[in-house]
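The chain contents come next:
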Amino acid sequence: MTKLWAGIDVGGTKIHAVVVDETWAVRGRARKKAKAERGYEAVLERAADCLAEACAAAAVEPGGLNGVGVAVPSPVRASGVAVNAPNMGWREAPVAADLGRMLGREVQVENDCNLGALAEQRAGAGRGRASLVGLFVGTGLGGGIVLDGELVRGHHRLA
C-alpha cells in the first residue's frame, strides 16, 4: 500500500495543500485564498477545506494520510504554537491544537521558511546535499538552514 503525506502552506494571501507519496510525487493539490482579514479560525477552516480538496484529488481520505505538516509564517514553539505572524494578525496562536481538532488528527507545525529549506534539501534543488541555506522572498524575507540533514532551529527553537 502506498504511503501518503500532506503538507499545508498557510500564508498571508494564499493556502496551498499537497498530498505526496514516499517518492515525493504529487498525488493531489489544492489552493485557496487565505482571507486572513476574516480572522484566525476562518483561515484554519480554509486550510482544512484546502486539505480536503487535495485529498479528494489524490483519492484519499484525510484519515488515511500517514501525516500532516503545516507551514506558517511565524516562529513556532515545539508545542505547535505560532508565536507571531504579523501579516496574519496572529500572536501565540495554537495552530497544531486548533487545526488538529478541526481535522480530527495530529498535525505538525513549523515555520514556513524552515520547511521550505528542508523540502529543497530532501526533494528539490538541494537533493543529495547534507546542508543548505534557503532564502525566501514573499510578503517578507525569510530563511531556513539545514545542517547535516537537520533543521537549525536555535536554542529555544525559534530561529
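Structural data are supplied above this passage.
Residues numbered from 1 in each chain as written. Predicted model: local features only at pLDDT ≥ 70, side-chain atom pairs only at ≥ 80, totals over all residues. Heavy atoms only, no water.

**What about the pairing of strand S6 (residues 90-93)?**
By the bridge criterion, three bridges tie strand S5 (residues 82-85) to S6 in an arrangement that is antiparallel. Counted as the bridge partner of Ala82 is Ala93 from S6. Remark: four residues form the turn of the hairpin made by S5 and S6, two consecutive strands paired antiparallel; Gly89 in that turn has positive phi of roughly 80 degrees. (Pairing = 2+ DSSP bridges. Helix = DSSP H or I, 4+ residues; strand = E, 2+ residues; numbered from the N terminus.)

**What about the sheet that holds strand S8 (residues 132-137)?**
Working definition: the strands of a sheet are paired by backbone hydrogen bonds and lie parallel or antiparallel to each other. On the basis of which strands lie adjacent, the open sheet formed by three strands has the order S8-S9-S10 and antiparallel pairing. Edge positions in the sheet fall to S8 and strand S10 (150-151), since each of these pairs with one other strand and no more. For strand S9 (residues 141-147) and S10, the ladder comprises two bridges, and the chain directions are antiparallel. Along S10, the bridge assignment pairs Leu147 with Glu150.

**Here's the deal with the environment of Ala159**
Relative to the helices and strands, Ala159 resides in the segment after S10. Relative accessible area serves as the criterion here: at 58%, Ala159 is assigned to the exposed category. Sequence separation between Ala159 and Gly143 is 16 residues, and the spatial gap between their C-alpha atoms is 9.5 Å. The contact partners of Ala159, leaving out residues within four places of it in the chain, are Asn114, Val152, Arg153 and Gly154. (Buried < 20%, exposed > 50% of the residue type's maximum accessible area, 1.4 Å probe, protein only. Contact = heavy atoms within 4.5 Å.)

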